[in-house]
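# Close look at the chain arrangement
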Number of protein chains: 2
Amino acid sequence: MPDNGVDVSTWFNGQPGDRLSVFDRGLAYGDGVFETIRITPQGPVLLDFHLQRMRKGLDRLGIDCHWDSLEAEIRAYPGLRQPAVVKVVCTRGVGGRGYATSQVQGPTRVISTHPLPQYPQHYAARGVSIFSCRQRLSINPTLAGIKHLNRLEQVLARQEWDSDDYQEGLMLDSLGRVVEGVFSNLFLVRGGRVITPNLEQAGVEGVMRRWLLDQFASQGVSTHVGQITLQDIQLADEWFFCNSVYGVWPVRQWENRTWAVGDMAGRAQQWVMDHWQF
Amino acid sequence: MPDNGVDVSTWFNGQPGDRLSVFDRGLAYGDGVFETIRITPQGPVLLDFHLQRMRKGLDRLGIDCHWDSLEAEIRAYPGLRQPAVVKVVCTRGVGGRGYATSQVQGPTRVISTHPLPQYPQHYAARGVSIFSCRQRLSINPTLAGIKHLNRLEQVLARQEWDSDDYQEGLMLDSLGRVVEGVFSNLFLVRGGRVITPNLEQAGVEGVMRRWLLDQFASQGVSTHVGQITLQDIQLADEWFFCNSVYGVWPVRQWENRTWAVGDMAGRAQQWVMDHWQF
């Protein structure tokens, strides 16, 4: 059994292997992208959305990834066929010192399988408590939306709490606008309308966020992608976090307010459950 | 000969080796720092300043690096004793999936030797031409100053030009303030006063910048660390870039202006030459 605690081998450039060159630009500069894919008994969750985001990220970074063979490699990975979490990393490849990319040999691909996270069932059923992170998300329109490997802001934010009292952290951008959680996106509801932050300047466009936006719209719920302030959260009828690994977590408590599990979070959870056994 | 083109072995965690785990957080999140040290016949350039910045960066990221043994390991590396460029990378180490750091085993250290860059001598003698990068540096006071592994902004900026017409690129922060070059710091001179951008919100505090600030001050030159605009550059009597690998490059041309090699750049180059044979 590999040291990641599951019985599917890690793939390095399409072959079993779990070591890479110390000269890889993924290490040197975080020069690459990744995806974290939940595998359920019904198969991978939103695999096409994950692949689309990865391709968009590689394009944005100018990484020539030979997309068709990368996609074929991911789809052939045995880990996609048993419940687990599969992580795919694609970097620009191996190169010399210096930021210039002209001499880089790549891309480098790593696909690995990880145990399912063991979140208590009450996070989804009764809601979660949210920490307010001091670490801000910096504004960078080129990097916003994509899931690149420059993740120090999330690492620093996640270090701010270490108790089980909080299940997620709320992150603002450097101008104080609400963006997302440390490892999730968020929605809030007011007057029957579902609102989620615009991610054109900071944040990651989560695949579950994208899917839920589609679901709400197709069910006739009014949706809005826009600017959200802390005041908007205080005034929300309900709010919830989502990602494709855990699904939907309603917020029970944040700062000096509590919320009951709301109708929209319940509907979102039901849609998820109608598709996948998480 | 290792594949980095020089005859000193790469060290991985204190032993010869050039592969690391794909589960290293340096790859996953850029969760670490690095230094690039020029080795001259007179020894490493500003080694103590490099070590101080690395330690500061590790502290800032909350990486427990067992500093004394890390410093001893770096000082014992054979590559420090022959002209070359030595790169030191220190990451938080190997951990599972997810941003939390509590289960990480580390730190991971990589020390490698690289060929000396072959810059034409006229860059220093007659000056360089500067590209204006569109990519901005995002504002993040926690990450500013240190040399962390989240370097996508530099990678994207360096991709903006590929001709030999430009030797360095000028980078602004997201508010339009002048910060640094893609791989250098900068100074400008006006009315006999030497000015360099404040790096408390963005940028890397270069060791050569630090040393030159000390040199200017000790030679009675008025120095100022503050906010610099594009207008300030247009009005500069001279300006120059510096780093510890190439020393000092006066600016010959930028946008619609040209400059002669200035007196302050010449003095800075002389101080460098008095210490090290670059």
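Everything discussed here concerns the structure shown above.
Please read all numbers here as calculations on a predicted model, not as lab measurements.

What follows concerns helix H2 (residues 47-61) of chain A. Working note: α-helix, 3.6 residues per turn, so residues spaced by three or four point in the same direction. Taking 1.5 Å per residue as the helical rise, H2 of chain A with its 15 residues ought to reach 21 Å, and the 21 Å between its terminal C-alpha atoms agrees with that figure. Those residues of H2 of chain A that fall on the buried side of the exposure criterion are Leu47, Phe49, His50, Leu51, Arg53, Met54, Gly57, Leu58 and Leu61 of chain A. Turning to H2 of chain A, the residues buried within the fold contact strand S4 (32-40), strand S5 (43-44), helix H3 (67-76), strand S6 (84-91) and helix H6 (207-218) of chain A together with helix H5 (152-158) of chain B.

All names here are of chain B. Between its first and last C-alpha atoms helix H8 (residues 263-275) spans 19 Å; for 13 residues at 1.5 Å apiece the expected length is 18 Å, and the two agree. Of all the positions in H8, only Met264, Ala265, Ala268, Gln269 and Val272 are classed as buried. Summarising the axial view, the buried residues of H8 lie within an arc of 140°, below the 170-degree limit, and thus occupy one face. Turned more than 90 degrees away from the buried face of H8 sit Asp263, Gln270 and Asp274, all of them exposed. For H8, the elements touching its buried residues are helix H4 (121-126), strand S11 (185-190), strand S12 (193-197), helix H6 (207-218), strand S14 (238-243) and strand S15 (247-254).

All names here are of chain A. Following Gly106, the chain continues into Pro107 via a peptide bond in cis, with omega recorded as 0°. Looking at the secondary structure, you find Pro107 in the loop between S6 and strand S7 (108-114). Positive phi, normally seen in glycine, also occurs at Leu46, with a value near 55°. With respect to the helices and strands, the residue Leu46 is situated in the loop between S5 and H2.

Moving on, we get to the pairing of strand S14 (residues 238-243) of chain A. Residues and elements named next belong to chain A. Judged by how many residues are buried, S14 sits mostly within the fold: six of six residues are covered. Burial of the side chains of S14 extends over both faces: Glu238, Phe240 and Cys242 are buried on one face and Trp239, Phe241 and Asn243 on the other. Two strands pair when backbone bridges link them, and strand S11 (residues 185-190) and S14 are joined in this way by five bridges, in the antiparallel orientation. Among the inter-strand pairings, Leu188 is bridged to a residue of S14, identified as Trp239. The pairing of S14 with strand S15 (residues 247-254) spans four bridges and is classified as antiparallel. The residue of S15 that forms the bridge with Cys242 is Val248. Once S14 ends, the chain turns through three residues before running back antiparallel as S15.

Turning next to the relation of the copies chain A and chain B. Related by rotation about an axis and a shift along that axis, the two copies of the chain form a pair. Taken as rigid bodies, chain A and chain B are interconverted by a rotation of 180° and an axial shift of 0.0 Å, the fit giving an RMSD of 0.0 Å. Each copy turns onto its partner about a two-fold axis. Interface overlap between copies: 100% of the residues of chain A at the interface are likewise at the interface in chain B, consistent with a symmetric, same-surface contact.

All right, on to the sheet that holds strand S2 (residues 15-16) of chain A then. Residue and element names in this part refer to chain A. The six strands are arranged S2-S1-S7-S6-S4-S5 in an open sheet whose pairing can be described as antiparallel. Looking at the sheet topology across the chains shown, the edges are occupied by S2 and S5. As paired elements, S4 and S5 share two bridges and run antiparallel to each other. Residue pairing across strands places Ile39 opposite Pro44, the latter belonging to S5. Strand contacts of H2: S4, S5 and S6, with the helix running at about 175° to S4, the strand carrying the most contacts.

It is worth spelling out the environment of Asp7 of chain A at this point. You can see Asp7 of chain A is positioned in the segment before strand S1 (11-12). Note: C-alpha distance between Asp7 of chain A and Pro141 of chain A (134 residues apart in sequence) is 39 Å.

Listed by partner, the interface residues are 50 residues for chain A and 50 residues for chain B. If you list the elements that add at least two residues to the side of chain A that touches chain B, you get strand S3 (19-21), helix H1 (25-29), S6, S7 and helix H5 (152-158) of chain A. The biggest single contributor to the side of chain A that touches chain B is H5 of chain A, with six residues. As paired strands, S3 of chain A and strand S3 (residues 19-21) of chain B are joined by three bridges and run antiparallel to one another. Residue Ser21 of chain A lies in a different strand from S3 of chain B, and its bridge partner there is Arg19 of chain B.

Here is what the cut-offs are and how they apply
Residues numbered from 1 in each chain as written. Chains lettered and ligands numbered in written order. Predicted model: local features only at pLDDT ≥ 70, side-chain atom pairs only at ≥ 80, totals over all residues. Helix = DSSP H or I, 4+ residues; strand = E, 2+ residues; numbered from the N terminus. Expected span 1.5 Å × (residues − 1). Buried ≥ 20, exposed ≤ 12 C-beta atoms within 10 Å, placed from the backbone. Contact = placed C-beta atoms within 7 Å. Arc of directions from axis to C-beta. Pairing = 2+ DSSP bridges. Least-squares fit on C-alpha atoms with pLDDT ≥ 70 in both. Axes fitted to C-alpha atoms, helices over the stretch in contact; angles between N-to-C directions.

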